Amino acid sequence: QVQLVESGGGLVQAGGSLRLSCAASGGFFSNYAMGWFRQAPGKEREFVASIDWSGGTTYYADSVKGRFTISRDNAKNTVYLQMNSLTPEDTAVYSCAATGYSGAGYVSINNMHYWGKGTLVTVSS
């Protein structure tokens, strides 16, 4: 059983940056591909970024490509999401999740085995 706890959310002005962290415990974190997802008010949850077990392969949603960077530190059982050039459209609850597979391509909303509770990111204009 893997437990995931996100941190680093908060209020930031448009154009600013935030770094989210997702700390994992209770399982073989380094074996799993990880993903970040977000859900804005009144909208469905959407994929943001994914990373394979080694950190060597990453994927991004088109809406965040070039602004967000996903990374991981397996020694610390932590995955990160560096968010730059934030806009009000990035306002959402951001959640990390783990899939039972090692490849980043397996990361999708319906394919995740473990979810964190999320952290709120609010971007003001």
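Now for a description of the structure that goes with this document. Within any chain, residue numbers begin from 1 and follow the written order of that chain's sequence. Owing to the predicted nature of the model, reporting of local features is limited to residues with pLDDT of at least 70; listing and counting of side-chain atom pairs is limited to 80 or more, with chain, interface and lining totals taken over all residues. Hydrogens and waters are ignored; side-chain quantities use all the structure's heavy atoms.

### Remarks on the state of the cysteines
Right, on to step 1. Cysteine sulfurs are considered disulfide-paired once they come within 2.5 Å of each other. In the structure shown here, the tally under the stated rule is one disulfide.
Right, on to step 2. Paired through a disulfide, cysteine 22 and cysteine 96 show a sulfur-sulfur distance of 1.9 Å. Taking the sign of the S-S torsion, about 55 degrees here, the bridge from cysteine 22 to cysteine 96 comes out right-handed. Pair noted here: cysteine 22 is in strand β3 (residues 18-25) and cysteine 96 is in strand β9 (residues 92-98), with a separation of 74 residues, a long-range link. Cysteine 96 carries the same exposure label as cysteine 22, and that label is buried. Here a helix means four or more residues in a row that DSSP labels H or I, a strand means two or more in a row labelled E, and each is numbered from the N terminus. Classification of residues uses two cut-offs on accessible area relative to the type maximum, computed with a 1.4 Å probe and protein chains only: under 20% is buried, over 50% is exposed, and between them is partly exposed.

### Some details on the packing of aromatic side chains
Right, on to step 1. Any two rings among Phe, Tyr and Trp, with Trp reduced to its six-membered ring, count as a pair given centres within 6.5 Å; such a pair is stacked if its planes are under 30 degrees apart, edge-to-face if over 60, and tilted if neither. This model, assessed by the stated rule, comprises four aromatic pairs.
Right, on to step 2. On the numbers, 6.4 Å between centres and 35 degrees between planes, the contact of tyrosine 32 with tyrosine 114 is tilted. Linking tyrosine 32 in the loop between β3 and β4 (34-39) with tyrosine 114 in strand β10 (residues 114-115), this pair joins segments that are 82 residues apart in sequence.
Right, on to step 3. Both rings, one in tyrosine 101 and one in tyrosine 106, keep their centres 4.5 Å apart while their planes meet at 20 degrees; by these two values the pair is stacked.
Right, on to step 4. Among the aromatic residues, ring-to-ring pairing joins Phe37, Phe47 and Trp115 into one connected group.
Right, on to step 5. Between arginine 19 and the ring centre of tyrosine 80, over which it is positioned, the NZ or CZ distance is 4.0 Å.
Right, on to step 6. Note on geometry: a ring has a charge over it if NZ (lysine) or CZ (arginine) is within 6 Å of the ring centre and within 35 degrees of the ring normal. The ring centre of phenylalanine 29 lies 4.4 Å from the NZ or CZ of arginine 72, which sits over that ring.

Geometry only, nothing functional implied.
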